[in-house]
2 protein chains.
Amino acid sequence: MAKEKKVEQITDMETDFAQWYTDICRKAELVEYASVKGFTILRPYGYALWENMQQTLDAAFKATGHVNVAMPVLIPESLLKKEGELVNGFAPEVAWVTMGGSEPLEERLAFRPTSETMFCDHWSRVLHSYRELPMLYNQWCSVIRWEKTTRPFLRSREFWWQEGHTIHETAEEAEQETQQQLNTYADFFEKVLAIPVVRGRKTDKEKFAGAEATYTVECMMKDHKALQGGTSHYFGDKFSRAYDVTFTGRDNKLQYPFQTSWGASTRMIGAVIMAHGDNNGLVLPPKIAPIQVVLVPVAAHKPGVTEKAQELLGRIQAAGIRAQADFSDNSLGWKCAQYEMKGVPLRLELGPRDIENNVCVAVRRDNGEKTTVSLDELEARLPALLDAVQQGLYDAALKNLQEHIFPASSIEEAKALQSEHGGFIKTMWCGEEACEQKMKEEGGMTSRCIPFRQEQLSETCACCGKPAKHMIYWGIAY
Amino acid sequence: MAKEKKVEQITDMETDFAQWYTDICRKAELVEYASVKGFTILRPYGYALWENMQQTLDAAFKATGHVNVAMPVLIPESLLKKEGELVNGFAPEVAWVTMGGSEPLEERLAFRPTSETMFCDHWSRVLHSYRELPMLYNQWCSVIRWEKTTRPFLRSREFWWQEGHTIHETAEEAEQETQQQLNTYADFFEKVLAIPVVRGRKTDKEKFAGAEATYTVECMMKDHKALQGGTSHYFGDKFSRAYDVTFTGRDNKLQYPFQTSWGASTRMIGAVIMAHGDNNGLVLPPKIAPIQVVLVPVAAHKPGVTEKAQELLGRIQAAGIRAQADFSDNSLGWKCAQYEMKGVPLRLELGPRDIENNVCVAVRRDNGEKTTVSLDELEARLPALLDAVQQGLYDAALKNLQEHIFPASSIEEAKALQSEHGGFIKTMWCGEEACEQKMKEEGGMTSRCIPFRQEQLSETCACCGKPAKHMIYWGIAY
């Protein structure tokens, strides 16, 4: 008989949330550290999760007319420097290639931290007429930002993402694109990742380097910290002017197009872990789970069990469900713990007694609920059970979000609420950066966004008492 | 009325094949040069072609149990140097990152030229038992090799590819994997890209740096030069030993796994251009064409034409065919030339007279053949016509290959045949590198492969007259 494998323990999230997170990343085999400091390896299970996210997002992008391209990974320093704000924002984090083969380069090349500059440079050479607009481009790639402290998925020197870049004939069209792509992210978070979001605009202090406006979807994790999910930027014609991107307009005159960019990254895997995970490990929304259903035979040595399990697996897969069965000689306990760690949404147990009764037992990962399912109804019941898990995860995450938004009318109150409950603290705000800075220094929070759904909490800024312009959300963010 | 666009001319392939190739790359909007010397941009049409190739190959890899992962793009110099042959092979072409942010790095980092070292380093930390073998990994990414002279798709400093890396319990299993993956490439070239291949083994001189054996699929272009399509390498346990990758075997002792790697790249786009293109532009095999059918309305201003074309387009798309219609106000002549340039396999023309007769005219891109198709039979006839184009392209490419393989019994004869006809020159060979070098210097050809299908042309080596060991193919290669 095989040596019994030990079920690996992870730290409880209540004991040490950060350690719990890292434990899941490693024990669920999502990610592994590399020999290069601050870099990570996406292991097969982590990459499968990313591929499922990519497929859904890519289809949504294509359904709205976007096309994929590939830009060079290296950007000449002079090109990167043409737009001052962008380069100032990213310069401290750039990795530089200075040697090609055995020879020093005449000009050093930046490993892309983001690719606005490359897209603009390309457009400056291929765009001619308003008839070619809009150009709705996207690329899937990795970028490097030389962060000092790193954590898997949340902050690593290399990460994988998509970066959309578009140019439009008019400012209105570009603004619409920015909103449309933000909504694509919001839908993806809510309907696919089962994570409710707050949609809003970033303050000038927090917006993307070089953008006129940055829109964001903000999520809440189980430790009540905030995580920025995806961002969508409106640039006006600032980069077009800096990079001399022009087209002949309907009036036969040279014009500058209006530009957007928008991105979402492997950070989303971190969001899924911290929005849904528990002390037994990862909990995956069925829509992105690499394995949606795992079939675990009980007493598989008894005659007929393995055969019946094989037959059922075939039926489940034929129904379009991503399913696996575990026929290994590990113990039932080990198997259950293992698939819980990996967050598989549904576990089906099938033993000799079940077969006699023509049933199996379905166990939901999100709440442990057991359902006896007639084998005759398997294909009909499993999708409904998976939908129930998806909905259950969303409902729980929504409850967590709704129960952790607190109004405050002063920095002291905001700080006290944050320290007691965590979450988003909403206050009125005058719009001045000085007050944002004050909230950071005295309240320990950054602004998360100015939500699109505004409320009139009071007339005055919680930080300075002057007339308020917006309601704003504050929080401690990943 | 819109300004008539000029139909762009390309150089005839008979006049200047290299210029013809570059013209197609640019005018079919596959690729554009970037500001970074030697780097290219994959434009939407070129990337769509690559995505279709990726999807088919990725599905084939997954069907044989492979999983995708993502390894870091940067490799520490010390790690790269652990296996001497590999680093010697690639060192002259490595791009080095030496600065992170504003600080010089303690150790410089190589932009991956290939990732054997990273996979080995990872496996050295995660592999424990024979039960975890085989590990069948693949990654889709870009790599950099600092080439001196570059050409789109064929040789550029950055290119996109997949690199498969696997480890196995036994040498036999690893050898089998190497062959299986070579066959996957061969099938892909022949059945999807419509390019017949010669399968064989590379000589020691031409094999991958560090490999024990390299297998290859070699194709022939329309100028009768050779192009290496995809390669599959067997490493034995050489890298395992260099990187200390071990596992506990069935005998409870530490063992070294046996390793393979295999790769295919955006070079395949270059192969498609040069295997099928003509003087009107690109010619795409339907299986990878981003647009399989283009519907061009004739006299679209006449009542009912646009409506009927819209209806047909909907029907064609619903039948699972990648189709577009061109309702722009460009002339019919311009449209035809444009879709010929882009290599769209089938063009459907639909005018008022056709509608009256309930037909449309299908024009094959590969041979210009026109077929009148009843609109009632559209969904049934189009797939057959697309299959005919696919088969037509393969047949023509096979004829080109078969008519350009010539036996020779001396270097002089080989050189004369190459100079008169091009193609593969087959000779017997003693197996010595000295003779290979001689053929290169005196005959101007490199060895392409030792084909699996051997013929006994004579008893002696064409270069030195000593007893022959193999029949070998020579050629001038891209």
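Our structure's up above, just so we're on the same page.
Let me begin by describing the structure that accompanies this report. The shown structure was predicted, so the numbers you read here are calculated from the model rather than taken from an experiment.

### A closer look at the overall build of chain A
Thinking step 1. For chain A, the helix and strand inventory stands at 14 helices and 23 strands.
Thinking step 2. For a compact globule of 478 residues, the expected C-alpha radius of gyration is about 23 Å, and chain A comes in at 25 Å, within 12% of that figure.
Thinking step 3. Referenced to the eigenvectors of the C-alpha coordinate spread, the extents of chain A come out at roughly 80 × 55 × 45 Å.
Thinking step 4. Residue burial in chain A is summarised as follows: out of 478 residues, 60% are buried.
Thinking step 5. A separation of at least 24 residues holds for 68% of the contacts in chain A among residues at least 6 apart in sequence.
Thinking step 6. Total accessible area on chain A is roughly 18,900 Å²; 47% of this is exposed by carbon and sulfur atoms.

### As for the packing of aromatic side chains
Two measures describe an aromatic ring pair: the distance that separates the ring centres and the angle between the ring planes.
Thinking step 1. With the rule as written, the count across this model stands at 35 aromatic pairs over all chains.
Thinking step 2. Between phenylalanine 90 of chain A and phenylalanine 208 of chain A the ring centres are 5.6 Å apart and the planes differ by 55°, which places this aromatic pair in the tilted class. One end of the pair, phenylalanine 90 of chain A, is in helix α4 (residues 84–90); the other, phenylalanine 208 of chain A, is in the loop between β9 (198–201) and β10 (213–220), and 118 residues separate them in sequence.
Thinking step 3. In this structure phenylalanine 90 of chain A comes out as buried when scored by relative accessible area, which is 9%.
Thinking step 4. On the basis of relative accessible area, phenylalanine 208 of chain A is assigned to the buried category, the value being 14%.
Thinking step 5. Pairing phenylalanine 159 of chain A with tryptophan 161 of chain A gives two aromatic rings, centres 5.8 Å apart and planes at 90°, and the pair type is edge-to-face.
Thinking step 6. Looking at tryptophan 161 of chain A, the relative accessible area reads 10%, which means it is buried.
Thinking step 7. Three or more aromatic residues joined by ring pairs form one cluster here, namely Trp50, Phe61, Trp140, Tyr185 and Trp262 of chain A.
Thinking step 8. One residue, arginine 108 of chain A, lies across the ring of tryptophan 96 of chain A, its end atom 3.9 Å from the ring centre.
Thinking step 9. Over the face of the ring belonging to tyrosine 45 of chain B we find lysine 342 of chain B, whose NZ or CZ atom lies 4.5 Å from the ring centre.

### Digging into the relation of the copies chain B and chain A
Thinking step 1. Least-squares fitting of chain B to chain A yields an RMSD of 0.0 Å, with the transformation described by 0.0 Å of translation along the axis and a rotation of 180°. Considering both components of the superposition, the chain copies are consistent with a two-fold axis. By C-alpha distance to the rotation axis, the residue of chain B lying nearest is valine 97 of chain B, at 2.1 Å.

### With respect to the sheet that holds strand β4 (residues 74–76) of chain B
Thinking step 1. An order of β4(A)-β6(A)-β5(A)-β5(B)-β6(B)-β4(B) is seen for the six strands of this open sheet, with the pairing classed as antiparallel. Bordering the open sheet on either side are β4 (74–76) of chain A together with β4 of chain B, each of which pairs with just one other strand. Going across the sheet, the axis of each strand differs from the next one's by a mean of 45°, ignoring polarity.
Thinking step 2. Bridge count between β4 of chain B and strand β6 (residues 103–111) of chain B: three bridges; the pairing is antiparallel. Residue isoleucine 75 of chain B lies in a different strand from β6 of chain B, and its bridge partner there is alanine 110 of chain B.

### A look at the pattern of salt bridges
Thinking step 1. The tally for this structure, following the rule as stated, stands at 57 salt bridges over all chains.
Thinking step 2. With a shortest N-O distance of 2.6 Å, aspartate 366 of chain A and arginine 364 of chain A are connected by a salt bridge.
Thinking step 3. For aspartate 366 of chain A, a relative accessible area of 21% gives the class partly exposed.
Thinking step 4. The class for arginine 364 of chain A is buried, based on a relative accessible area of 10%.
Thinking step 5. What emerges from the salt-bridge pattern is a single network uniting Glu51 of chain A together with Asp58 and Lys62 of chain B.

### Concerning unusual backbone geometry
Thinking step 1. Look at the link from leucine 133 of chain A to proline 134 of chain A: it is a cis peptide, with omega at -5°.
Thinking step 2. Examined against the element boundaries, proline 134 of chain A turns out to sit in the loop between α5 (116–126) and β7 (135–144).
Thinking step 3. The phi angle at aspartate 244 of chain A is positive, at roughly 55°, despite the residue not being glycine.
Thinking step 4. Tracing the sequence through the fold places aspartate 244 of chain A in the loop between α7 (238–243) and β12 (247–248).
Thinking step 5. With a phi angle near 70°, histidine 224 of chain B is a residue other than glycine that sits in the positive phi range.

### Some remarks on the interface of chain B and chain A
Thinking step 1. At the junction of the two partners, chain B supplies 56 residues and chain A supplies 56 residues.
Thinking step 2. When the two sides are added together, the surface that chain B and chain A hide from each other amounts to roughly 4,200 Å², 61% of it contributed by carbon and sulfur.
Thinking step 3. When the buried area of chain B at its contact with chain A is split by residue, Ile41, Pro44 and Ala70 of chain B rank highest and sum to 12% of it.
Thinking step 4. At the boundary of chain B and chain A, one finds four salt bridges.
Thinking step 5. A salt bridge links glutamate 51 of chain A to lysine 62 of chain B, with the shortest nitrogen-to-oxygen separation between them at 3.0 Å.
Thinking step 6. Run the count over chain B and chain A and you get 21 residue pairs in polar contact (both at pLDDT 80 or more).
Thinking step 7. Considering only residue class, the side of chain B that touches chain A consists of 34 nonpolar, eight polar and 14 charged.
Thinking step 8. Pairing analysis gives five bridges linking strand β5 (residues 95–100) of chain A to strand β5 (residues 95–100) of chain B, with the strands arranged antiparallel. If you follow valine 97 of chain A over to β5 of chain B, its bridge partner there is valine 97 of chain B.

### Some words on helix α6 (residues 171–192) of chain B
Thinking step 1. Its 22 residues give α6 of chain B an end-to-end C-alpha distance of 31 Å, which sits within 8% of 32 Å, the value for a rise of 1.5 Å per residue.
Thinking step 2. Along α6 of chain B, the residues that are buried comprise Ala171, Ala174, Glu177, Thr178, Gln181, Leu182, Thr184, Tyr185, Ala186, Phe188, Phe189 and Val192 of chain B.

### Re the environment of leucine 57 of chain A
All names here are of chain A.
Thinking step 1. Among the structural elements, leucine 57 can be located in helix α2 (residues 44–63).
Thinking step 2. Spatially, the C-alpha atom of leucine 57 lies 27 Å from that of glycine 89, the residues being 32 residues apart in sequence.
Thinking step 3. Excluding anything up to four places from it in sequence, leucine 57 contacts Trp140, Thr184, Tyr185, Phe188 and Met268.

### Quick notes on the packing of helix α1 (residues 17–27) of chain A against helix α8 (residues 267–276) of chain A
Residues and elements named next belong to chain A.
Thinking step 1. Orientation of α1 relative to α8, taken along the N-to-C sense of each, is 120°, at an axis distance of 11 Å. Relative to α8, α1 is oriented oblique. Read as a crossing pair, α1 and α8 show a hand that is right-handed. Across the interface between the two elements, Phe17, Trp20, Tyr21, Ile24 and Cys25 of α1 pack against Gly270, Ile273 and Met274 of α8.
Thinking step 2. Split by residue class, the contact of α1 with α8 holds seven nonpolar, one polar and no charged.

### With respect to the pairing of strand β8 (residues 158–168) of chain A
All names here are of chain A.
Thinking step 1. Here β8 lies mainly inside the structure; eleven of its eleven residues are buried.
Thinking step 2. A two-sided burial pattern is seen for β8, the buried positions comprising Glu158, Trp160, Gln162, Gly164, Thr166 and His168 on one face and Phe159, Trp161, Glu163, His165 and Ile167 on the other.
Thinking step 3. Relative to β8, β7 runs antiparallel, the two being bridged by ten bridges. Within β8, the position partnered with leucine 136 by the bridge is threonine 166.
Thinking step 4. Bridge count for β8 against strand β14 (residues 258–265) is eight bridges, and the pairing is antiparallel.

Conventions adopted
- Every residue gets a number counted from 1 within its own chain, in the order that chain's sequence is written.
- Chains carry letters from A onward and ligands carry numbers from 1 onward, assigned in written order.
- Owing to the predicted nature of the model, reporting of local features is limited to residues with pLDDT of at least 70; listing and counting of side-chain atom pairs is limited to 80 or more, with chain, interface and lining totals taken over all residues.
- Here the side-chain values reflect all heavy atoms present in the structure, with hydrogen atoms and water set aside.
- For the purposes of this entry, the term helix denotes a DSSP run of H or I that reaches at least four residues, the term strand denotes a run of E that reaches at least two, and both are numbered from the N terminus.
- C-alpha atoms define the radius of gyration, and 2.2 Å times the number of residues to the power 0.38 defines the globule rule.
- When a residue's accessible area, from a 1.4 Å probe over protein chains only, is under 20% of the maximum for its type it is buried; when over 50% it is exposed; and in between it is partly exposed.
- Throughout, a residue-residue contact means that at least one pair of heavy atoms, one from each residue, lies within 4.5 Å.
- For every accessible area listed, the method is Shrake-Rupley and the probe measures 1.4 Å; residues are considered covered only by the protein chains on display.
- Classification of ring pairs rests on two measures: the distance between centres of Phe, Tyr or Trp rings, Trp counted by its six-membered ring, which must be within 6.5 Å, and the angle between planes, read as stacked under 30 degrees, edge-to-face over 60 and tilted in between.
- Working rule: Lys NZ or Arg CZ, within 6 Å of ring centre, within 35 degrees of ring normal, means a charge sits over the ring.
- The copies were overlaid by least squares, fitting only the C-alpha atoms of residues that reach a pLDDT of 70 or more in each copy.
- We call two strands paired when DSSP finds no fewer than two bridges between them.
- The axes used here are C-alpha line fits, helices contributing only the stretch in contact, and every angle between their N-to-C directions lies in the interval 0 to 180 degrees.
- We count a salt bridge whenever a side-chain nitrogen from Lys or Arg sits within 4 Å of a carboxyl oxygen from Asp or Glu.
- The term buried area denotes the loss of accessible surface (1.4 Å probe radius) that occurs when two parts are joined, taken as the sum for both partners.
- Pairs of N or O atoms within 3.5 Å make up the polar contacts considered here, provided that, within protein, one atom can donate a hydrogen while the other can accept it, and that residues adjacent in sequence are counted only when both atoms are side-chain atoms.
- The nonpolar class holds Ala, Val, Leu, Ile, Met, Phe, Trp, Tyr, Cys and Pro. Asp, Glu, Lys and Arg form the charged class, and all remaining residues, Gly among them, are polar.
- What a helix is expected to span follows from its residue count: subtract one and scale by 1.5 Å.
- Just so you know how the angles are binned, under 35 degrees is roughly parallel, over 145 roughly antiparallel, 65 to 115 roughly perpendicular, and the rest oblique.
- By definition, turning the near helix anticlockwise from the far helix through less than a right angle yields a left-handed crossing, and turning it clockwise yields a right-handed one.

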